[in-house]
Amino acid sequence: LEKRAILLLCSHFSHSINGNMPKEWQTYVSDNSNCFVFVDNFMKNSNLVEDYNALADFVADKLGLTDRTAKWTIDEIAECDTFEEFDISLISRIRSNITQGAGEYGHYRKVINSRKNRRYYSQFETEYEALLHACEYLDLASNYKDLPGASTKALFDAYVKDYHKLDSSYRHFIRSFDQLDDNSDYAALFDMVENSYTNWYLNELSMKWCALWDDEDVWQLPGVTSQQGFYDKYARRYVTDNERIIVVISDALRYESAVELSNILNREQKGASELDVMLGVIPSYTALGMASLLPHKQIDITGKAEYEIQGISNKGTDKRGKILRVYKNEAIAIQYE
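None of these values were measured; they are calculated from a predicted model.

> Quick question: what am I supposed to make of the overall build of the protein chain here?
Of regular secondary structure, the protein chain possesses 15 helices and three strands. Here the protein chain has a C-alpha radius of gyration of 28 Å; the compact-globule value for 337 residues is 20 Å, and the former is much larger. Each of the three principal axes of the protein chain carries a C-alpha extent, and together these read 90 × 45 × 30 Å. A buried classification covers 41% of the 337 residues belonging to the protein chain. Considering only contacts within the protein chain whose residues lie at least 6 apart along the sequence, 62% involve residues at least 24 apart. Side chains of the protein chain carry 37 positive and 52 negative charges; the gap between the two charge centres is 5 Å.

Below you can see the structure in the form of structure tokens.
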């Protein structure tokens, strides 16, 4: 029975290895395709998960697989999923290679994505996700290392099109890192990504953005709607035509998160989502931002540092609703979670 178990799993393993099996294992490889089919069905049977794991662990121990996996390259075992040792080895080696500056981020992303339909992926999903998003971030950082943008408009457009992806991949990496049961082995990778994001990306982008504005006299960008133009551009036509419009304001929602939300809505809902951008107001804080989104001809600031539109303070939901009703009597403003 022991030899039969080794024969079955070695036969299955032989179909996915891209390198050479040890000579002493080759005697356990059967030419009968039923061996592969039997193990493949066994692996996929949801009622026998623990039974398969027990058998695979037993055979792996008999073969001394842990000591052997290091002798194969990542590419040679990239498609192997007979034993969980292959996932453990791939995760460890990809993590080590990244932190040692090996590059090849695109290649590692392909390897990780190819594992998603493998048997043990769900068991190591958080580890794979952390590596995948680290590779995505570091790959983007390499591609945009100079953060090109010769003008305020060019840098703005570059962020809208490309640079926001750095924020997104960083966010996903941090989320996966925080979900790891034990992230001690990922400390070096965390430091690598965190240092790049904080000390290079955020710092470099901020300095370039501020330096470009030093030569400008007016806070506006050609072809870009300013935040205070929101009502006129997006809402007024519905109000004029007596059509219902619902405006949902989510304070401090990052642009890259909105990109992801838009993609989810288009993928999972029956409607359609379109994304647009505006140039925010300065100083950039909630009270002025809320006032800017409301219909207005001008915004006044009081001695108490409150904003008023047509003599009505915008402090509080009730007051904002009152401002809206100046323009449309049926308008309401509510808080909702």
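Still more to cover.
> Is there a simple way to explain the pattern of salt bridges in this structure?
Side chains that differ in sign of charge can pair as their charged atoms come close. Applying the stated criterion across every chain yields a total of 12 salt bridges. Between D40 and K44 there is a salt bridge, and its shortest N-O distance comes to 3.0 Å. On the criterion of helical spacing, the pair formed by D40 and K44 is a turn pair, its members being four residues apart in helix 3 (residues 33–44). Judged by relative accessible area, which is 62%, K44 ranks as exposed. Across the pair R115 and D87 runs a salt bridge whose closest N-O atoms are separated by 3.1 Å. Remark: D87 occurs in helix 7 (residues 85–99) and R115 occurs in the loop between helix 8 (105–114) and helix 9 (125–143); sequence separation between them is 28 residues.

> Whenever I open this one, the sheet that holds strand 3 (residues 312–313) confuses me. Can you help?
Strand pairs in the sheet, formed through backbone hydrogen bonds, run parallel or antiparallel to each other. Read across the open sheet, the three strands follow the order 1-2-3; overall the sheet is antiparallel. Among the strands making up the open sheet, the edge pair consists of strand 1 (300–301) and strand 3. Examined bridge by bridge, strand 1 and strand 2 (residues 307–309) share two bridges and lie antiparallel to one another. Residue pairing across strands places I301 opposite Y307, the latter belonging to strand 2.

> Help me understand the environment of D75 in this model?
With respect to the element layout, D75 can be found in helix 6 (residues 74–77). Between the C-alpha atoms of D75 and F58, which are 17 residues apart in sequence, the distance is 25 Å. When near neighbours in sequence (up to four residues on either side) are disregarded, D75 contacts N18, H107 and V111. Of note is the side chain of D75, whose polar atom sits 2.7 Å from the side chain of H107.

> I keep staring at helix 9 and nothing clicks. Help me out?
Working note: α-helix, 3.6 residues per turn, so residues spaced by three or four point in the same direction. A rise of 1.5 Å per residue sets the reference length of helix 9, with its 19 residues, at 27 Å; its end C-alpha atoms lie 27 Å apart and thus fit the reference within 8%. Most of helix 9 is tucked away: 14 of the 19 residues are buried.

Scoring rules and cut-offs
- Residues numbered from 1 in each chain as written.
- Predicted model: local features only at pLDDT ≥ 70, side-chain atom pairs only at ≥ 80, totals over all residues.
- Heavy atoms only, no water.
- Helix = DSSP H or I, 4+ residues; strand = E, 2+ residues; numbered from the N terminus.
- Rg over C-alpha atoms; globule rule 2.2 N^0.38 Å.
- Buried < 20%, exposed > 50% of the residue type's maximum accessible area, 1.4 Å probe, protein only.
- Contact = heavy atoms within 4.5 Å.
- Lys, Arg positive; Asp, Glu negative; His and termini not counted.
- Charge placed at Lys NZ, Arg CZ, Asp CG, Glu CD.
- Salt bridge = Lys/Arg side-chain N within 4 Å of Asp/Glu carboxyl O.
- Pairing = 2+ DSSP bridges.
- Polar contact = N/O pair within 3.5 Å; in protein donor to acceptor, adjacent residues only side chain to side chain.
- Expected span 1.5 Å × (residues − 1).

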